[in-house]
Amino acid sequence: MRKSVSPRPFANGAPPRARRLSLNPLLFYGGFAALLATNALTLAGLFMAPDIAKLVAGNTDATLAAYEDRIFELRLEVDRLQSRHYAQAGDINLQLQDLAQTQELLLEQHQYVRQLAERAAELGIEAGTAPAPAAPPVLAGARSNDPAAEVAEAAASVDRMMTESRLALAALSDEATTRTDAIMDTLANVGIRPKLPSFASEDGVGGPLLPPVEGAESSGLVDDANAVAEALERYRAARGAAALAPVHKPIRVATRTSSTFGNRKDPFTGRLAFHSGIDYAAPRDSTVLSAGAGTVSFVGQISGYGNVVEIDHGNGLVTRYGHLNSFIAKEGQRVATGTPIARVGSTGRSTGPHLHFEVRRSDTAVDPARYLKVGQALQKILAG
């Protein structure tokens, strides 16, 4: 039989206490800090690894590059739009400046056109009233809500001025040239060919002969105006020649033609005889006028004509006035067309008071009726 074993009594008589585990705080926080440091180092190592770092940096650079490219594109677009805006604004301002300068020049030329029209009116040419200058366009650089309309309005104003000026110049030139040609042709019918001014050798222009340049402006309106001025001067000369030519009736009172040029029955002999002029029956002492401009070359008596005045008109053309009662002009006197030179009488071989009017070319009597018809035609031409 086993022996029962009794519990061993505690040495000190008290039961032993249970053993407790204790953790030093410094050691705990140190371990936690080490763990965090390890994780941080691990993460840093991963990022610092060449392949991983390259991958992460590449994505970042690509993103930044994409943004930079987009920003650059936007800046280019803004610059382009701004440049186009400035260019358009600059073009409009330049166009307005050009138009304003053109119209300023046209206004000066317009005044020249007016002066030509006034000069033409003084010569009896009424080719219509000279156009009034158009309203000036908006000044260059002015701001408006519609710059294109601003330019169009200014351009229309300039075009209108140009058209009106050209029409006026064309009318003046045509009328002056037509009348000049008519006068010259009419005078030529009786052998009178006055010399008209020529401007070709007086212009004082020149230079090398070069081909025209596309887009280069021509003097256009100035040339047209100068051509009109020359046409008016030629007309003035032709008109002066018409006024000077011995083609005007030498008496203004109411008269009848009592005898014409050519063979007729002689009033004294009753036989056929040649009559060298035209007879105008008129009251005694009626005023006799010069048929044209010239110099009184003879005052005195000629057998058969009685008292006579002769006027030399140049180029071998002389007019003779016979059967006069008295003289007014003196020999050597310069007379204009219509100048009183004598009084109607019945001196010489005459049956009663009348004026014998005779035209002589190279000392040969020619039919005065041809000259008087030319005078009548010229009056119609000059009257327009």
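Residues numbered from 1 in each chain as written. Predicted model: local features only at pLDDT ≥ 70, side-chain atom pairs only at ≥ 80, totals over all residues. Heavy atoms only, no water.

J.: Hey, could you go over the overall build of the protein chain for me, with residue numbers and the actual values?
T.: Scanning the protein chain from N- to C-terminus turns up five helices and 12 strands. A burial count over the protein chain gives 30% of its 384 residues as buried. Restricting the contact set of the protein chain to residue pairs at least 6 apart, pairs at least 24 apart contribute 68%. When the accessible surface of the protein chain is split by element, carbon and sulfur atoms take 56% of a total near 24,800 Å². (Helix = DSSP H or I, 4+ residues; strand = E, 2+ residues; numbered from the N terminus. Buried < 20%, exposed > 50% of the residue type's maximum accessible area, 1.4 Å probe, protein only. Contact = heavy atoms within 4.5 Å. Areas by Shrake-Rupley, 256 points an atom, 1.4 Å probe, with all protein chains shown as cover.)

J.: Could you give me a rundown of the nonpolar core, with the residues and numbers involved?
T.: Residues Tyr321 and Ile341 are the most contacted members of the largest nonpolar core, which totals 52 residues. In terms of residues, this core owes the most to one element, helix H4 (residues 221–244), which gives nine residues. (Core = buried A, V, L, I, M, F, W, Y, C linked by side-chain atoms within 4.5 Å.)

J.: How would you sum up the side chain of Thr186? Please name residues and give values.
T.: For Thr186, the location among the structural elements is in helix H3 (residues 147–188). Setting aside its immediate chain neighbours within four residues, Thr186 contacts Val374, Ala377, Leu378 and Ile381.

J.: Explain the packing of aromatic side chains to me, and be specific about the residues and the numbers.
T.: Centre distance and the angle of the planes are the two values used to describe a pair of aromatic rings. All told, the structure shown has two aromatic pairs when counted by the stated rule. Measuring from centroid to centroid gives 5.2 Å for Phe261 and Phe274, while their planes differ by 85°, and the two rings are edge-to-face. A residue pair is termed long-range when its members are at least 10 positions apart, and Phe261 in the loop between strand E1 (256–259) and strand E2 (262–265) and Phe274 in strand E3 (residues 272–275) qualify at 13 residues. With a centroid separation of 5.6 Å and an interplanar angle of 40°, the aromatic rings of Tyr321 and Phe357 are classed as tilted. One end of the pair, Tyr321, is in strand E8 (residues 317–327); the other, Phe357, is in strand E11 (residues 354–361), with 36 residues separating them in the sequence. Here Arg320 stacks its cationic end above the ring of Tyr305, 4.7 Å away from the centre of that ring. (Phe/Tyr/Trp six-rings, centres within 6.5 Å; stacked < 30°, edge-to-face > 60°. Lys NZ or Arg CZ within 6 Å of the ring centre and 35° of its normal.)

J.: Could you give an account of the pairing of strand E7 (residues 306–312), with specific residues and numbers?
T.: In terms of burial, E7 is largely enclosed, as six of its seven residues are buried. By the bridge criterion, seven bridges tie strand E6 (residues 294–302) to E7 in an arrangement that is antiparallel. Across the sheet, the residue bridging to Val296 is Ile311, located in E7. The turn linking E6 back onto E7 is made up of three residues, and Gly304 within it adopts a positive phi angle of 90°. Bridge count for E7 against E8 is five bridges, and the pairing is antiparallel. From the neighbouring strand, Ile311 faces E8, where its bridge partner is Thr319. (Pairing = 2+ DSSP bridges.)

J.: Before we move on, could you go through the pairing of strand E4 (residues 278–281) and cite the residues and values that matter?
T.: Where E1 meets E4, three bridges bridge the pair, whose relative direction is antiparallel. Among the inter-strand pairings, Arg256 is bridged to a residue of E4, identified as Ala281. Examined bridge by bridge, E4 and E11 share four bridges and lie antiparallel to one another. If you follow Asp279 over to E11, its bridge partner there is His356.

J.: Explain helix H5 (residues 368–383) to me, and be specific about the residues and the numbers.
T.: Given a rise of 1.5 Å per residue, 16 residues ought to cover 22 Å, and the 23 Å separating the end C-alpha atoms of H5 matches this to within 8%. Buried residues of H5: Pro368, Tyr371, Leu372, Val374, Gly375, Leu378 and Ile381, and no others. Capping the start of H5 is the job of one residue whose side-chain oxygen sits 3.0 Å from the backbone nitrogen of Ala369: Asp367. Gly384 sits one or two residues past H5 and shows a positive phi near 75°. (Expected span 1.5 Å × (residues − 1). Polar contact = N/O pair within 3.5 Å; in protein donor to acceptor, adjacent residues only side chain to side chain.)

J.: Run through the confidence of the model for the protein chain, naming residues and quoting values.
T.: Chain-level statistics for the protein chain give a pLDDT mean of 76 and a share of 62% at 70 or above. Here residues 1–23 is a poorly scored stretch, pLDDT under 50, and it has three contacts once near neighbours within four places are set aside; other chains count. Confidence drops under a pLDDT of 50 for residues 81–89, and excluding neighbours within four residues, the segment shows zero contacts in the predicted structure. (pLDDT = per-residue confidence, 0-100.)

J.: Before we move on, can you summarise the pattern of salt bridges with the specific residues and values?
T.: Once the charged atoms of two side chains with opposite charge are near each other, the side chains can pair. All told, the structure shown has 10 salt bridges when counted by the stated rule. Between Arg320 and Glu310 there is a salt bridge, with its nearest N and O atoms 2.6 Å apart. Linking Arg320 in strand E8 with Glu310 in strand E7, this pair joins segments that are 10 residues apart in sequence. Between Asp363 and Arg360 there is a salt bridge whose closest N-O contact spans 3.6 Å. The exposed category is assigned to Asp363, whose relative accessible area is 60%. Taking relative accessible area as the criterion, Arg360 reaches 14% and is therefore assigned buried. Residues participating in the shared-partner salt-bridge network are Glu310, Arg320, Glu358, Arg360 and Asp363. (Salt bridge = Lys/Arg side-chain N within 4 Å of Asp/Glu carboxyl O.)

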